[in-house]
Amino acid sequence: MDDHDQPLLSVEHLAVSLTGGDVRLVDDVSFSLSRGEALGLVGESGSGKSLTLRALLGLLPKGTEVTSGHVRFDGTELVSARASELRRLRGRRIGMVFQDPMTALNPVMTVGDQIAEGRVTHLGESRRVARRYATALMGQVGIADPARRARAYPHEFSGGMRQRVVIAIALACEPALILCDEPTTALDVTIQRQILTILDELRGSRELAVLFVTHDLAVIAQICERVAVMYAGQIVESGPTAEVFASPRHGYTDGLLRSVPDLHLTRARLEAITGMPPGVADMPLGCRFHPRCPLADDACCLDRGYPLRAVGGGRRSACVHSERVGGHDPVVADA
């Protein structure tokens with residue numbers, strides 16, 4: 001098989017635990033991503049999305065560690081890779097867009113220098129050549145008058161413009177994969193739409209793979225061909241985005257979709273998922289969602305959980321009652 005046909009990123013049975021303990025924060029997560037493809041990881045806050053993203057590049061917070069599984073990027077195993085090898089990949093082959101651009105940017109460096117820095121470090125370009133590329137890239141991500149704005153500092157930019165700078169930094173070395181950790185959460189809907197459009201256009205022109213983490217289903221519907229839904233540290237459903245959102249096959253996915261406001265529907269009140277997600281040290285037996293699921297019965301409470309299994313059409317679900325789930329109005333991207 002040609003290397004181009006192999007997944008660019010392959011994650012197999014990834015587990016992230018508290019250091020020195022047996023409490024798993026991310027449990028048995030598997031997915032793959034091809035060149036030029038966009039995959040969304042979606043779920044409530046605390047479901048393990050951001051931890052999964054950070055585990056890929058060895059950027060886990062203190063007190064957590066990868067305890068099992070494999071992460072392969074373009075044939076290279078990342079879990080066992082040395083820190084020096086990961087540093088060579090970060091920025092060069094894999095870019096990262098963080099949620100808060102103000103904390104991601106250096107307040108005492110001009111934005112042009114920050115964008116150029118990766119090319120100087122990883123590609124060995126002169127600062128003059130790298131700055132010229134950085135200025136051109138600022139124009140590509142929608143920053144007007146880039147030659148002048150490249151000499152400005154982060155505090156002189158609005159939130160949306162700062163996020164464009166962060167995207168430019170992530171793209172500066174022309175990576176094959178970009179990881180997006182809720183990059184539009186703090187932006188108003190108009191700027192959010194612009195940022196998503198920029199990412200989608202760059203993905204098409206550069207054959208860029210995008211792994212997009214968010215709790216916003218509409219964002220996933222707009223930019224991602226495939227979606228993986230996370231709950232309590234596990235992926236509970238995955239498949240083509242349009243099909244998953246039109247006809248979910250897991251109770252948690254269905255609950256998320258029912259809680260989304262829709263201006264085209266008249267409802268007495270929004271539906272909400274009852275209860276709260278379980279604590280990391282107090283996971284229920286069987287399906288972790290069953291205490292909150294209206295379809296739950298004794299079959300959902302067995303000692304062993306339910307791994308993802310094929311349910312047809314390239315879709316997978318971890319629900320024993322997958323055939324009974326559904327009956328909501330689909331989430332669609334904005335026209």
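Student: Hey, could you run me through the overall build of the chain in this one?
Tutor: Scanning the chain from N- to C-terminus turns up 11 helices and 12 strands. For 335 residues, the compact-globule formula gives about 20 Å, and the C-alpha radius of gyration of the chain, at 21 Å, lands near that figure. Across its three principal directions, the C-alpha atoms of the chain cover 65 × 50 × 40 Å. The burial tally for the chain puts 45% of its 335 residues in the buried class. In the chain, the share of contacts with a sequence separation of at least 24, taken over all contacts with a separation of at least 6, comes to 66%. Between the mean site of the 37 positive side-chain charges and the mean site of the 40 negative ones, the chain shows a separation of 6 Å.

Student: Help me understand the sheet that holds strand S4 (residues 64-73) in this model?
Tutor: In any sheet, the strands associate via hydrogen bonds between backbone groups, in a parallel or an antiparallel arrangement. Across the sheet, which stays open at both edges, the 4 strands sit in the order S2-S1-S4-S5 with antiparallel pairing between neighbours. Unpaired on one side and paired on the other, strand S2 (24-33) and strand S5 (76-77) mark the two borders of the sheet. The pairing of strand S1 (residues 9-18) with S2 spans 6 bridges and is antiparallel. Paired with Val 16 across the strands is Val 26, a residue of S2.

Student: Which parts of the structure should I look at to understand the packing of helix H7 (residues 159-171) against helix H8 (residues 189-206)?
Tutor: When two helices pack together, their arrangement is given by the angle between the helix axes and by the axis-to-axis distance. Interhelical geometry of H7 versus H8 gives an angle of 15° and a closest axis separation of 10 Å. Regarding the angle of H7 to H8, the classification is roughly parallel. Of the two elements, H7 crosses H8, and the hand of that crossing is right-handed. Between H7, through Gly 160, Gln 163, Arg 164, Ile 167 and Leu 171, and H8, the contact on the second element is made entirely by Ile 191, Gln 194, Ile 195, Ile 198, Leu 199, Leu 202 and Arg 206. Of the residues that constitute the contact of H7 with H8, the class distribution is 7 nonpolar, 3 polar and 2 charged.

Student: Which parts of the structure should I look at to understand the pattern of salt bridges?
Tutor: Pairing of side chains with opposite charge becomes possible as their charged atoms draw close. If you walk through the whole model with that rule in mind, you get 18 salt bridges. Between Arg 72 and Glu 12 there is a salt bridge, with its nearest N and O atoms 3.2 Å apart. Residue Arg 72 is located in strand S4, and its partner Glu 12 is located in strand S1; the two are separated by 60 residues in the primary sequence. Under the relative-accessibility criterion, Arg 72 is labelled partly exposed at 31%. Judged by relative accessible area, Glu 12 falls into the partly exposed class, the value being 30%. For Arg 288, the salt bridge goes to Asp 27, with nearest N and O atoms at 2.7 Å. Here the residue Arg 288 occupies a position in the loop between helix H11 (251-258) and strand S11 (309-312), and Asp 27 occupies one in strand S2, the gap between them amounting to 261 residues. Among the charged side chains, a network of salt bridges with common partners joins Glu 12, Arg 72 and Glu 77.

Student: Got a minute to help me understand the sheet that holds strand S8 (residues 209-214) in this structure?
Tutor: The strand order across the open sheet formed by 8 strands is S6-S7-S8-S3-S9-S10-S12-S11, and the pairing between neighbours is mixed. Two strands bound the open sheet, and with one partner strand each, they are strand S6 (94-97) and S11. The mean inter-strand angle of the sheet, taken between neighbouring strand axes irrespective of direction, is 20°. Sheet analysis places strand S10 (residues 234-240) next to strand S12 (residues 315-317), joined by 2 bridges and oriented antiparallel. Residue Glu 237 lies in a different strand from S12, and its bridge partner there is Ser 317. Each of strand S3 (38-42), strand S7 (177-181) and S8 touches H8; the most contacted strand, S8, lies at about 155° to it.

Conventions adopted
- Residues numbered from 1 in each chain as written.
- Predicted model: local features only at pLDDT ≥ 70, side-chain atom pairs only at ≥ 80, totals over all residues.
- Heavy atoms only, no water.
- Helix = DSSP H or I, 4+ residues; strand = E, 2+ residues; numbered from the N terminus.
- Rg over C-alpha atoms; globule rule 2.2 N^0.38 Å.
- Buried < 20%, exposed > 50% of the residue type's maximum accessible area, 1.4 Å probe, protein only.
- Contact = heavy atoms within 4.5 Å.
- Lys, Arg positive; Asp, Glu negative; His and termini not counted.
- Charge placed at Lys NZ, Arg CZ, Asp CG, Glu CD.
- Pairing = 2+ DSSP bridges.
- Axes fitted to C-alpha atoms, helices over the stretch in contact; angles between N-to-C directions.
- Parallel < 35°, antiparallel > 145°, perpendicular 65-115°, else oblique.
- Left-handed = near helix turned anticlockwise from the far one by under 90°.
- Nonpolar A, V, L, I, M, F, W, Y, C, P; charged D, E, K, R; others polar.
- Salt bridge = Lys/Arg side-chain N within 4 Å of Asp/Glu carboxyl O.

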